Structures are given as structure tokens and as C-alpha cells.
Amino acid sequence: MARRPLPRILSNGSARIARSRELARSAADSATDVLHPLITVTRGLRRLAGAGRRRWAETPKDRRGPLLFLVASVFLVVVLMPYGPLLAAVALMAAAAWQGRDRTPPAPAGPDEAQAQRLASLYEALVPYFSVPEDPAPLYAHGGEWEKAFTSYAFDGDGRVERLTIRYPAYFTDGEARSRARIEQLLHAKSGRGREYRFDWDEEGNLLTLSVLPPLPVDIAAQRFVTSPGETVLGFTDAGGVQRTLPLGFGEEKRDVPPVVWRTGPRSTEPHLLAVGEPGSGTTTLLRSVALQALRHGDVLVVEGGGTGEYAFLTGRAGVLAVESGVPGSLASLEWAAHETERRLASAHRARQEGRRTPEDVGRPLWILVDRPSVLAHLAAADGRRDPWSLLRTPLRHGRAARVTVVVAEQFDGLESLGDVVTAHTRARVVLGPASPERLAAVLGTHPPTTPTPRMPLGRGYARLGTGPVHRLQVPATPDPYDDATSEVHRRAVLALLPPLTTPADAAVEGASVPDAGAPDTASPDTGSAGAVPLDTAPPQAVPADSAPVAAVLTKPALTPAATTTATGPMAVEAAVTEG
């Protein structure tokens, strides 16, 4: 069957539309040039009329009569004079042309003397890196013209470079990270320290663009983010880095801020996360923020290797399976998590073979948050116990299919002790706090396109999801609400996100008696504690006798009224927020 030719309007319509647009644009430009005097006079008449109305409004009422008489007298004299109306019209047009002129100050033809000196200094500093003796016509030479190398530039109010586009020779090795790092370090030092710069390399056009980045907002507190199940907000970044914004509240103000969203689940390519930083950089804050978001749709198991009690406010909450800081309880929790991952895999496989839907206890996400595992591994080795890395192997390898997500936070000094399984399966990476370019490249897999500032606030760093770009990151403020140094605003913000209590905090810490495996759950049905895994799904050796708090938290009784009325300090604030 012969194919019918396309209509001419479809075959060459785009070229005609483009030509029509060019003709319309040329006609509009020509009309603007021709009618420019008329536009100027019209604008001046409008300004004169506005000035007359303001003058009339500012004149007191008792003086408006004499003023009107004076204007009428002048008009009469002008009418009676020879050539008076003509001269008045010429004077009016001249005044309107003067008032309607473009008052925009002309842009400077070039940089001033100080700015030119700064650009010349940058040019001379780049000469050793962008020139070779064999070049017959070097673009960079001592005493050369910087106007040919710097195609565009902009300065801030202090006279420092704000944006600069640099041409460099084609033989420069811009594909090597070491060569690019030398140029970026030099420009960072010569353009002024204390600011964050972004470097965009156009290898095809041999252009390097330097731009100054605005500081990220540090006043974002923990709040309920508008996300779908399986999405976790790690922090916030620059507007040009992502194609999405989230509405956030800053007190009574509302703003849209671009987030760094980490997606988990069976279809995620980065199912696990590794956060690294120095002490006080904000890795624990990041884990608290992740825990509060994970509790909206899943269960959370917290293992704190440092033993500082930064997660005690989660104890006894609906959806929190355990908060462990001791070696026996932590190892028992990780062993239970490994068995739970295997059980979920077997249950999901059995359901698919039988043609049934995945059970609800398998479809509910399970989050394993491990803080400072190197300390836990050291203490376990000292006691002759099992290595915790061997217990994390199963959740890391098979967690994506079983809806189990592992988040590990470690400091730089314990990074070498992480097993190969952890580094191989944690494809989502976060680095917080000040770090050298070598450390950033070792954790993120590449150098970030920006330069870090010497002093970074809490929760500031970089994030990279898989093989994607490196984003600047600012973690939302999520402090420990039971810490005395926490402000009242942040305390109430965190407590408002917590799920209801199902077990009194003192009972969970002291350890309650383990009920029978077949006993029904005593949690109140309206507390929202759904998805807690019963003890009969774990093997007998998963909960030893010395880890009673784990079993106590996994089967939480309902909170009694007496426990809520006798709370003091942060617990009283928490009760007020919950009731309000």
C-alpha cells in the first residue's frame, strides 16, 4: 500500500513559522525605532499629568481658587498673544520629551580600575596552567590581554568577582580531575575565600564558568514534608540543582524550597544510605530526620553504637521496634533484622508462587538505622561476640526486595572499619561538615562542583544518589527534644512529628516481662501502631535473655493515663503538644 505524502503544512510548516517569527520580530523592532519619539512624548505627557494631579492634591482647599484663577489668566494671555498657542504647544512637547526620556543609568562600558586590576591578577595567575612554550599564539601569556580570555564578568557591591566566564586552550587536560582541581583551588583563593563557588566546565566549548552561590537556608526546622510513600527528604539544595520544590513553613511565612529527595523501595536503585562526617557535623541529626519521616509509613529499628542516648525520645513510640545502645541488645536486634529480612523474602516468594498479594507485614517498610557501628563492632570484638557487619549483610543485600532499608551513619575515623558489604550496597551517600577534597571524592565517588566554606553550619554538606550529580545539602534542624540545649521552637517541632506512645518510657528502659508468643497485642487500636512484627516470626535465638528491652519494645502495651499526667520537663512539653 503506497504511503500518502504528508500535507505541506506539516512537512515544511516549522520553517515557515520560524520565518514568520523573524519577520514579525523585525517589523516590531522597526516600528519601535520609528515610533520612539512618539513613545517618548507620550510617556512625558503622562508624567506631566501625574505631576499636575499630585500638585493639585497637595494644594490646600483654601488656595485652590487663587491657583485656578492664575492658571486661567496664563491660558488667556497665551491665547491672545501672537503665535501664542503654537509656542505653548512647542514648549509642552519639549517638556514632555524631556520628562519622557529614558532615565535608566547607562551600563558601564567596562570595569573600573580596581576591577580591571583584579581581572588582570587572575589572568596572570592562570598563565602557568593554561600555556605551554610550544604554543605559537598563546591565549595566556605574561603581560597579555585578559579581555580575550575572560568573555564575561560581574562584580558584587564589594568589588569582588561574582561571575566569570573563562576561555582556556583546547590542549588543557580538562578531563583530568587533578588538573581541574588545581584551577578551581587557584580561582577560589584569588577570587576571595569565605564564599561558596560553583565551577561549570564546558569541555566542548573550552569554557569555564565561575559563579558565587548564595548560602543555603539554615532556619528550616523539622516538619511534615509533602512527599509520597517511599520518598525521604534528606535536606535542601540550590534551586538549579533539582526540578522540584516543597512548600515549607518558616513560622508564619511560607516558602518553596528545592529538596534532595531519596527514593526507596523495590524499584529504587539506591535502597540504602551511608552518611559520613566529623563529630558535630550533623549525621545524628540526619538520622533523626529520617526516622521521623520513616515512621509515617513504616517501622523503625534504631541501633546506637555511640551510646549517647540521642534517640531516647523514640523509645516506646508506635512503629519503633527497638532503640538499642548496649552490645547484647544491639546484636540481638540486628540478628532479628536479618531473620526478619529472610522471612519477608520467603513470604513474598510464597505469595507470588500462589498468585496472592504480598502480605501486609511484608509490604510495610522496615528501617534499620545504625549510628556509629564501628564503636559497636569494637565492643563486640572485645567481648568475643559476633561481628555486627555479618548481621547487616542480609538486610543490605536483600533489603530492597524485602522492603528493608538500612541507613548507616559513621565518622571519618571509623570509615575504614566498614565492611565491603556496607560500602558496596550503600549507593546513596551524604557527607556532612568540613572535609578535604580527597575525602569527599572517596565517599561520593567524584569531586563536588562547588568549594566548601571553612566554617560550615550544623547539617551542611553534600549528597549524591547513585551516579547522579553532587548536590549541596542542608539537613533540616532535628535536635533531640530531651536535650536541655534544644530551643523551645525546635523541641515542639520534633515532638509534634512523633507518633503516640504505646509503652511508658520508663517501662521500656527498665524492661518488661516478655509475654507469650500467642498472646494478643495489648496496644490500643486507635494509637496507629500498625505493622509491628510479632515475636513468633523471629527464631528462638533472635531474642536472648539479656536483651529484654528489645522484646519489651516489640510488644508494647498501651500508655496508661497516669504516665501522661506525671510527666515533667520535656515530657510535660510533649504531653502539651500531643494534647494541643
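Scroll up for the structure.
Residues numbered from 1 in each chain as written. Predicted model: local features only at pLDDT ≥ 70, side-chain atom pairs only at ≥ 80, totals over all residues. Heavy atoms only, no water.

**Things to note about the overall build of the chain**
Filter applied, for reference: Secondary structure follows DSSP: runs of H or I at least 4 residues long count as helices, runs of E at least 2 residues long count as strands, and numbering of each begins at the N terminus. Think of it in three bands: residues with accessible area under 20% of the maximum for their type are buried, residues over 50% are exposed, and the middle band is partly exposed, with areas taken using a 1.4 Å probe on protein chains only. Note on areas: Shrake-Rupley, 1.4 Å probe, and residue coverage restricted to the protein chains presented here.
Each helix and strand in the chain was counted, giving 19 helices and 16 strands. Here the chain holds 580 residues, and the buried ones make up 42% of them. If you sum the accessible surface of the chain, you get close to 31500 Å²; carbon and sulfur atoms cover 56% of it.

**Brief notes about the side chain of T285**
As a reminder, the rule being used: Contacts were defined at the residue level, with two residues in contact if any of their heavy atoms lie within 4.5 Å.
The topology assignment puts T285 in helix α8 (residues 283-294). Judged by relative accessible area, T285 falls into the buried class, the value being 9%. Aside from chain neighbours lying at most four places away, what touches T285 is L458, V475, P476 and T478.

**Section: the packing of helix α9 (residues 327-353) against helix α11 (residues 373-382)**
The test is simple: Interaxial angles span 0 to 180 degrees and are taken between N-to-C directions of axes, which are lines fitted to C-alpha atoms, for helices over the stretch in contact. Any angle between 65 and 115 degrees counts as roughly perpendicular, while under 35 counts as roughly parallel, over 145 as roughly antiparallel, and the rest as oblique. Under the grouping applied here, Gly and all other residues not named as nonpolar or charged are polar, the nonpolar ones being Ala, Val, Leu, Ile, Met, Phe, Trp, Tyr, Cys and Pro and the charged ones Asp, Glu, Lys and Arg.
At a minimum axis distance of 10 Å, the contact between α9 and α11 shows a crossing angle of 110 degrees. Compared by their axis directions, α9 and α11 come out roughly perpendicular. Across the interface between the two elements, V327, S330, L331 and L334 from α9 touch L376, L379 and A380 from α11. Class assignment for the residues of the contact of α9 with α11 results in 6 nonpolar, 1 polar and no charged.

**Regarding the packing of aromatic side chains**
Here is the rule we go by: Pairing of aromatic rings covers Phe, Tyr and Trp, the last counted by its six-membered ring, and requires centre-to-centre distances within 6.5 Å; plane angles under 30 degrees mean stacked, over 60 mean edge-to-face, and any other angle means tilted. To sit over a ring, a charge needs its Lys NZ or Arg CZ within 6 Å of the ring centre and within 35 degrees of the ring normal.
Overall, the coordinates contain 13 aromatic pairs when judged by the stated rule. Above the face of the F412 ring, R439 is positioned so that its terminal group lies 4.7 Å from the ring centre.

**Comments concerning the environment of D483**
One can find D483 in the loop between β16 (470-474) and α15 (488-497). Sequence separation of D483 and E310 is 173 residues, and the distance between their C-alpha atoms is 8.6 Å.

**What to know about the layout of surface pockets**
Basically, it comes down to this: In this analysis, the protein atoms alone were mapped onto a 1 Å grid. Cavities are point sets where a 1.4 Å probe fits without being able to get out; pockets are open sets with protein on both sides within 12 Å along at least five of seven lines; lining residues have an atom within 4 Å of a point. Grid points are joined across faces, edges and corners, and a volume is the space filled by probe spheres set on the points.
The calculated volume of the largest pocket comes to roughly 700 Å³. If you go around the largest pocket, you meet 23 residues; those closest to its centre are A181, E184, P437, H447 and P448. Considering every element that reaches the lining of the largest pocket, the biggest residue donor is helix α7 (residues 177-191), with 6 residues. A per-class count over the lining of the largest pocket returns 10 nonpolar, 7 polar and 6 charged. Roughly 500 Å³ of internal volume is contained in the second largest pocket. Along the walls of the second largest pocket sit 27 residues, with G282, T284, T285, R288 and L458 positioned nearest its centre. With 4 residues, α8 is the largest single contributor of residues to the lining of the second largest pocket. Split into classes, the residues belonging to the lining of the second largest pocket amount to 8 nonpolar, 13 polar and 6 charged.

**With respect to empty space enclosed by the protein**
A complete count under the given rule lists 1 cavity of 30 Å³ or more for this structure. Approximately 90 Å³ is the volume found for the largest cavity. What lines the largest cavity is A222, Q223, R224, F225, S289, L292, Q293, R296 and L497. Of the residues forming the lining of the largest cavity, the biggest block, 3 residues, is contributed by α8. Here the lining of the largest cavity is built from residues that sort into 4 nonpolar, 3 polar and 2 charged.

**Let's talk about the packing of helix α3 (residues 36-58) against helix α5 (residues 84-99)**
Each pair of packed helices can be described by the angle between their axes along with the distance between the axes. Packing of α3 against α5 brings their axes to within 7 Å, and their N-to-C directions diverge by 95 degrees. Between α3 and α5, the interaxial angle falls into the category roughly perpendicular. Packed against α3, whose contacting residues are T40, V41, G44, L45, R47 and L48, the element α5 presents L92, M93, A95, A96, A97 and Q99 at the interface.

**Looking at the pairing of strand β13 (residues 404-411)**
Applied cut-off: Two strands are said to pair when DSSP picks up at least two bridges between them.
Of all 8 residues in β13, 8 are buried, a share of seventy percent or more. Neither face of β13 is open: one carries V404, V406, V408 and E410, the other T405, V407, A409 and Q411, and all of them are buried. Of the strand pairs in this sheet, strand β9 (residues 273-277) and β13 are connected by 5 bridges, and their pairing is parallel. Each residue of the ladder has a partner; that of A275, found in β13, is A409. Here strand β12 (residues 366-371) pairs with β13 via 6 bridges, running parallel. By the bridge assignment, L369 is partnered in β13 with V407.

**Regarding the pairing of strand β7 (residues 253-257)**
When strand β6 (residues 246-250) meets β7, the two strands line up antiparallel, connected through 5 bridges. The partner of L246 across the bridge, within β7, is V257. Remark: 2 residues form the turn of the hairpin made by β6 and β7, two consecutive strands paired antiparallel; G251 in that turn has positive phi of roughly 70 degrees.

**Quick word on the pattern of salt bridges**
Quick reminder of the rule: What counts as a salt bridge is simple: a side-chain nitrogen of Lys or Arg found within 4 Å of a carboxyl oxygen of Asp or Glu.
Under the definition given, this model contains 21 salt bridges. Among the ionic pairs, R180 bridges to E203, the shortest N-O distance being 3.0 Å. In this pair, R180 sits in helix α7 while E203 sits in the loop between β3 (196-202) and β4 (207-213), placing the two residues 23 residues apart along the sequence. We classify R180 as partly exposed; its relative accessible area is 23%. With a relative accessible area of 41%, E203 lands in the partly exposed category. As a salt-bridge pair, R343 and D361 come within 3.1 Å of each other at their nearest N and O atoms. Taken as a pair, R343 in helix α9 and D361 in helix α10 (residues 360-363) lie far apart in primary sequence, 18 residues in all. For R343, a relative accessible area of 18% corresponds to the buried category. Linked through salt bridges whose partners overlap, the residues forming this network are E196, D238, R460 and R472.

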